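Notes for the structure review
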Amino acid sequence: MYVERSNRDYRAKYGPLGPMIETTEGVYPAPVTEAADADKAAWAEALPLFASPLLLARYGDLLWLARHGDTPYANGRIALDAYETLSAGDDEYLAATDASQRALELALELGDRDRAGLIAERAVARADSLLRDTPAGPPGIPMRLFTTAALAPSAARPSRLAETVVLAESVYGSDPWLGDSVADLLASIAANPAERDQVRRRQLKRWLDAIDSSSGLARHTHLEHALELAGLHGLTD
């Protein structure tokens, strides 16, 4: 299965494609790094038979990750093309978003910075469209698209990335917990320390507002969290 980047422990253990089942008895299927030679040969034999972008992406990616055969780079390119096709799909936003993320990762792994920049541009455009057309929709999809775009090297990042994340900040501003995710992303792409400081101060302002509008245990929780953030980001005042 595809392992999303936020699942850091599982990714560190298995990579971007990991076993679907993990129990005390073991894992299934075997990690890519432990795949039998016969399985890799079967994947290679099957790959040219497929037309489905989903199957082309998965089999090509498996062969690329296993560095199987004499032309693993070619298998990686097949997977990249297929993931890009999937990333444009409208029927399943989460699957399309995962495909966009893996496509950008593959472009970078294959050394194609120009293509990584194009994928990042499309991710930002899609997030912008979702924020403007369905601002009340699930926030997870735009945020994952932003995180995808931020993977691109700074020189290849979309010029509109910061502007569109600021739009998300305004859309999700009523929820300070969501605002934390937006602030972390904005801080990671900030052009300079002063800009980063302003991001963190806006983040703290959201928590101060939440403290003022809450009471009881919620107020206490908000106070603790805000104090922790202020210390973490050096806002001693």
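Structural notes, computed from the coordinates. (Residues numbered from 1 in each chain as written. Predicted model: local features only at pLDDT ≥ 70, side-chain atom pairs only at ≥ 80, totals over all residues. Heavy atoms only, no water.)

**Considering the side chain of Thr 97**
Here Thr 97 shows up in helix α5 (residues 93-109). If near-sequence neighbours (up to four positions away) are discounted, Thr 97 is found in contact with Ile 141, Arg 144, Leu 145 and Thr 148. (Helix = DSSP H or I, 4+ residues; strand = E, 2+ residues; numbered from the N terminus. Contact = heavy atoms within 4.5 Å.)

**Re the side chain of Gln 101**
For Gln 101, the position within the fold is in helix α5. Among the polar contacts listed, one links the side chain of Gln 101 to the side chain of Glu 4, at a separation of 3.0 Å. Ignoring sequence-local partners within four residues, the contact set of Gln 101 consists of Tyr 2, Glu 4, Arg 5, Arg 11, Arg 144, Thr 148 and Leu 151. (Polar contact = N/O pair within 3.5 Å; in protein donor to acceptor, adjacent residues only side chain to side chain.)

**A closer look at α5**
Residues three or four positions apart in an α-helix share a direction because the helix packs 3.6 residues into each turn. The terminal C-alpha atoms of α5, which comprises 17 residues, lie 24 Å apart, in line with the 24 Å expected from a rise of 1.5 Å per residue. Within α5, 12 of the 17 residues are buried, leaving the element largely enclosed by the surrounding structure. Every buried residue belonging to α5 is among Ala 96, Thr 97, Asp 98, Ala 99, Ser 100, Gln 101, Arg 102, Ala 103, Leu 104, Glu 105, Leu 106 and Ala 107, and all of these are buried. In this structure, the buried side of α5 is in contact with α1 (8-14), α3 (53-65), α4 (72-87), α6 (113-133) and α7 (140-150). (Expected span 1.5 Å × (residues − 1). Buried < 20%, exposed > 50% of the residue type's maximum accessible area, 1.4 Å probe, protein only.)

**Quick word on the packing of aromatic side chains**
Per the counting criterion, the structure on display carries 3 aromatic pairs. Both rings, one in Trp 177 and one in Trp 207, keep their centres 4.6 Å apart while their planes meet at 80°; by these two values the pair is edge-to-face. Of this pair, Trp 177 sits in helix α9 (residues 176-188) while Trp 207 sits in helix α10 (residues 193-212), and the two are 30 residues apart along the sequence. What makes Trp 177 partly exposed here is its relative accessible area of 45%. (Phe/Tyr/Trp six-rings, centres within 6.5 Å; stacked < 30°, edge-to-face > 60°.)

**Notes on the packing of α10 against helix α11 (residues 216-232)**
Packed helices, taken two at a time, are described by the angle their axes make and the gap between the axes. Two elements in contact, α10 and α11, have axes separated by 9 Å at closest approach and are oriented at 160°. Relative to α11, the element α10 is oriented roughly antiparallel. In this structure, the crossing between α10 and α11 has a hand that is left-handed. Residues Gln 203, Leu 204, Trp 207, Ala 210, Ile 211 and Asp 212 of α10 pack against Arg 219, His 222, Leu 223, His 225, Ala 226, Leu 229 and Ala 230 of α11. Among the residues forming the contact of α10 with α11, the class breakdown is 8 nonpolar, 3 polar and 2 charged. (Axes fitted to C-alpha atoms, helices over the stretch in contact; angles between N-to-C directions. Parallel < 35°, antiparallel > 145°, perpendicular 65-115°, else oblique. Left-handed = near helix turned anticlockwise from the far one by under 90°. Nonpolar A, V, L, I, M, F, W, Y, C, P; charged D, E, K, R; others polar.)

**Regarding α6**
Its 21 residues place the ends of α6 30 Å apart at the C-alpha level, agreeing with the 30 Å of an ideal helix rising 1.5 Å per residue. Taken together, the buried positions of α6 are Arg 115, Ala 116, Gly 117, Ile 119, Ala 120, Ala 123, Val 124, Arg 126, Ala 127, Asp 128, Leu 130 and Leu 131. Residues of α6 that are buried sit in contact with α4, α5, α7 and α8 (161-171).

**Here we look at a nonpolar patch on the surface**
Taken together, the side chains of Met 1, Met 20, Ile 21 and Tyr 28 present a nonpolar region at the surface, about 460 Å² in accessible area. With respect to the secondary-structure elements, Met 1 resides in the segment before α1. Relative accessible area serves as the criterion here: at 37%, Met 1 is assigned to the partly exposed category. (Patch = residues over 30% accessible without salt bridge, like charges linked within 9 Å, V, L, I, M, F, W, Y side chains within 5 Å. Areas by Shrake-Rupley, 256 points an atom, 1.4 Å probe, with all protein chains shown as cover. Salt bridge = Lys/Arg side-chain N within 4 Å of Asp/Glu carboxyl O.)

**Thoughts on the nonpolar core**
Ranked by internal contacts, the top residues of the largest apolar core, which has 50 residues, are Leu 80, Tyr 83, Phe 146, Leu 161 and Val 165. Going through the elements one at a time, α3, α4, α5, α6, α7, α8 and α9 are the ones with two or more residues in this core. Of the residues forming this core, the biggest block, 8 residues, is contributed by α6. Not counting residues within four places of it along the chain, the set of residues in contact with Leu 161 comprises Val 124, Phe 146, Ala 149, Ala 150 and Ile 189. (Core = buried A, V, L, I, M, F, W, Y, C linked by side-chain atoms within 4.5 Å.)

**Here's the deal with the layout of surface pockets**
Within this model, the largest pocket holds a volume of roughly 420 Å³. Around the largest pocket, the lining residues are Glu 4, Arg 5, Ser 6, Arg 8, Met 143, Arg 144, Thr 147, Ser 181, Asp 184, Leu 185 and Ser 188. Those elements giving two or more residues to the lining of the largest pocket turn out to be α7 and α9. Ranked by the residues each element gives to the lining of the largest pocket, the list is headed by α9, at 4 residues. Grouping the constituent residues of the lining of the largest pocket by class yields 2 nonpolar, 4 polar and 5 charged. The calculated volume of the second largest pocket comes to roughly 290 Å³. If you trace the second largest pocket, you find 14 residues lining it, with Met 1, Pro 29, Ala 30, Trp 43 and Leu 62 closest to the centre. When contributions to the lining of the second largest pocket are tallied by element, the ones reaching two or more residues are α2 (37-46) and α3. Of the residues in the lining of the second largest pocket, the class split is 11 nonpolar, 1 polar and 2 charged. (1 Å grid on protein atoms, 1.4 Å probe; cavity = no way out; pocket = protein on both sides within 12 Å on 5 of 7 lines; lining within 4 Å. Points joined across faces, edges and corners; volume = space filled by probe spheres on them.)

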